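Survey of secondary and tertiary structure
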Amino acid sequence: MTKRIGVVGGGQLARMLQPEVTALGATLTVLDPDAHAPACANADANVLGGYHDEKAIFELASRVDVITVELEDVGVEALARVRDAGTPVYPAPELIALIRDKLTQKQAYERLGIPTAPFVEVAPDDPQAFDNFGYPLVQKTRTGGYDGRGVVVMDSSADYANRLDAPSFVEAKVDARMELAVMVARGPNGECAVFEPVEMVVDPDLNLLDLLLTPARISDELRDSAKALAERVITELEGVGLFGVELFVTHKDALLVNEIAPRAHNSGHHSIEACQTSQFGQQARLLLGLPLGTTDQPKPAALVNLIGAPGFQGETVAEGLADALAIPGVTVHLYGKTECRPGRKMGHFSVVAETVTEVLANARAAKRALSIKGKQAL
Ligand code: ADP
């Protein structure tokens, strides 16, 4: 019988999962409030409804054999109920709930002895609590933060003025020499597949993420430790599904877990072209109860996010696409979002080449060539 996969969320992650599901002879049904969400056109079926909508989640469950998510902000209670009624949900709704509250996530690391920056829960209107913890610190809201929203770095008490007014904790500011992400796929039987650590390369002038590079420029020993730590966290949390584990590397080469995403992750997108089995391939396999594939990555790769350019809005225009694609090893993925806004994630491209030097040069050339913007100037 055809296996039917359901996914809560119809964004780019579900869109990139779809071909892997189809290739294995299964179907993908997408739940999203927007009938034109990126994954909807290619899905086998759609359920129109909110990510928290209990009726829609039950409707999805009635149509599929297994459910996964492409975002954390979902109706975990409804998902727990459909799971209890017999439709497996991966990751477990309780784990999604634990992870999406960054405070309970940190408390789990503490309980399990996973290295992470020291932290304490605070009331945002209690400057004394911030002082007592000690600056420099980072205030994080418990929920709702992503892509740096919900995070404020405070170097001294003068920065308390920038605080976020929401349930929060503070954690020690880590003097990291590098940030890594490690994708881990873990099947229902506990089988794990761990990808090569990905290095976040920061533009030193702009102090912004420039691109993601793999293999990361770290020693073999550190690479093995990062992979082992990522696998250990997911195993200790008894996670089943696909997880992105974000790590800090300190100047003494110690590793600290920053946070986990319980889903496919931006820092794994290069795996579509660079790895024998992509993160989405692993996700499809584990949802279908099939063995995980090899994560081997024969050549270095980079990943660049395509973000809506400032100053423009409206119908999406990809300027310089031909020039970017003329560069060897470049693959572009546009997410099919019709409306482009400044800062919106519109797509990404990956670069695969023989050497890290070549990957970096080709990625930067493609980055200069290609820009995604709205049709109208603001
Ligand atoms: P988000 O969920 O929005 O991605 P993160 O917790 O990953 O939030 O924080 C975003 C970025 O802020 C991190 O990638 C890192 O660069 C910086 N950051 C987060 N926590 C710390 C910390 N304790 N010390 C230093 N920098 C941090």
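Everything below is about the structure shown above.
1. Some thoughts on the site of the ligand
Within the structure, the ligand sits among 17 residues, and Gly148, Glu171, Val174, Glu179 and Glu259 are positioned closest to it. The side chain of Glu171 places a nitrogen or oxygen atom 2.6 Å from a nitrogen atom of the ligand. Glu179 places a polar side-chain atom, nitrogen or oxygen, 2.5 Å from an oxygen atom of the ligand. Considering the ligand on its own, with 550 Å² of exposed area, one finds that the protein chains cover 80% of that surface. Within the residue set of the shell around the ligand, elements represented by two or more residues are strand E6 (137–141), strand E8 (168–172), strand E13 (241–250) and strand E14 (255–261).

2. A closer look at the environment of Leu256
Looking at the element boundaries, Leu256 is found in strand E14. Judged by relative accessible area, which is 17%, Leu256 ranks as buried. For the pair Leu256 and Glu246, spaced 10 residues apart in sequence, the C-alpha to C-alpha distance is 8.7 Å. Leu256 has contacts with Pro115, Thr116, Ala117, Val174, Glu246, Leu247, Phe248 and Thr250, leaving out every residue within four places of it along the chain.

3. So, the nonpolar core
By size, the foremost hydrophobic cluster in this structure holds 31 residues, and its most contacted members are Ile5, Val21, Leu28 and Val30. Breaking this core down by element, the ones donating at least two residues are strand E1 (4–8), helix H1 (12–23), strand E2 (27–32), strand E9 (176–186) and helix H9 (279–287). Of all the elements, H1 adds the most residues to this core, at five residues. In terms of nonpolar packing, the next biggest core, distinct from the first, is built from 27 residues, Met178, Leu180, Leu222 and Leu237 among them.

4. Observations concerning the sheet that holds strand E4 (residues 66–69)
Spatial strand order, E3-E2-E1-E4: four strands in an open sheet with parallel pairing. Both edges of this open sheet fall to strand E3 (45–48) and E4, since each of them pairs with a single strand only. When the angles between neighbouring strand axes are averaged without regard to direction, this sheet yields 25 degrees. Pairing of E2 with E3 involves four bridges; the strand directions are parallel.

5. Describing helix H5 (residues 102–112)
Those residues of H5 lying buried are Lys102, Leu103, Gln105, Lys106, Ala108 and Tyr109. Here H5 starts with a cap whose side-chain oxygen sits 2.9 Å from the backbone nitrogen of Leu103, and that cap is Asp101. With its phi angle positive at about 70 degrees, Gly113 sits one or two positions after the end of H5.

6. Focus on the packing of helix H2 (residues 54–63) against helix H3 (residues 76–84)
The N-to-C vectors of H2 and H3 enclose an angle of 30 degrees; their axes lie 9 Å apart at closest approach. By the angle between their axes, H2 is roughly parallel relative to H3. Every pair of crossing elements has a handedness; the one defined by H2 and H3 is right-handed. Along the contact surface, H2 presents Glu54, Ile57, Phe58 and Ala61, while H3 presents Ala78, Leu79, Arg81 and Val82. Grouping the amino acids of the contact of H2 with H3 by side-chain chemistry returns six nonpolar, no polar and two charged.

7. A word on the packing of aromatic side chains
Enumeration over the complete set of coordinates arrives at two aromatic pairs. A centroid spacing of 6.1 Å and a plane angle of 75 degrees characterise the contact between Phe119 and Phe169, whose relative ring orientation is edge-to-face. Remark: Phe169 occurs in strand E8 and Phe119 occurs in strand E5 (residues 119–122); sequence separation between them is 50 residues. Ring centres of Phe130 and Tyr160 lie 4.9 Å apart, and the angle between their planes is 75 degrees; on these two criteria the pair is classed as edge-to-face.

8. Regarding the side chain of Asn305
Along the polypeptide, Asn305 turns up in strand E15 (residues 301–307). By relative accessible area, which is 19% here, Asn305 ends up buried. Separated by 2.8 Å, the side chains of Asn305 and Asn266 make a polar contact. Excluding residues that lie within four positions of it along the chain, Asn305 makes contacts with Leu209, Asn266, Lys345, Gly347 and His348.

9. Let's talk about the environment of Asn162
Within the secondary structure, Asn162 sits in the loop between strand E7 (151–154) and E8. Taking relative accessible area as the criterion, Asn162 reaches 45% and is therefore assigned partly exposed. For the pair formed by Asn162 and Val152, sequence separation is 10 residues and the distance between their alpha carbons is 7.3 Å. Residue contacts for Asn162: discarding those within four places in its chain leaves Val152 and Met154.

10. Things to note about the sheet that holds E6
Spatially, E5-E8-E6-E7 is the arrangement adopted by the four strands of the open sheet, whose pairing is antiparallel. The open sheet terminates on both sides in strands that have one partner only, identified here as E5 and E7. Direction aside, the axes of adjacent strands within the sheet are offset by 25 degrees on average. Taken together, the five bridges between E6 and E8 define a ladder with antiparallel strand orientation. Across the sheet, the residue bridging to Val138 is Glu171, located in E8.

Thresholds, definitions, all that
- Residues numbered from 1 in each chain as written.
- Predicted model: local features only at pLDDT ≥ 70, side-chain atom pairs only at ≥ 80, totals over all residues.
- Heavy atoms only, no water.
- Near = heavy atom within 4 Å.
- Polar contact = N/O pair within 3.5 Å; in protein donor to acceptor, adjacent residues only side chain to side chain.
- Areas by Shrake-Rupley, 256 points an atom, 1.4 Å probe, with all protein chains shown as cover.
- Helix = DSSP H or I, 4+ residues; strand = E, 2+ residues; numbered from the N terminus.
- Buried < 20%, exposed > 50% of the residue type's maximum accessible area, 1.4 Å probe, protein only.
- Contact = heavy atoms within 4.5 Å.
- Core = buried A, V, L, I, M, F, W, Y, C linked by side-chain atoms within 4.5 Å.
- Pairing = 2+ DSSP bridges.
- Axes fitted to C-alpha atoms, helices over the stretch in contact; angles between N-to-C directions.
- Parallel < 35°, antiparallel > 145°, perpendicular 65-115°, else oblique.
- Left-handed = near helix turned anticlockwise from the far one by under 90°.
- Nonpolar A, V, L, I, M, F, W, Y, C, P; charged D, E, K, R; others polar.
- Phe/Tyr/Trp six-rings, centres within 6.5 Å; stacked < 30°, edge-to-face > 60°.

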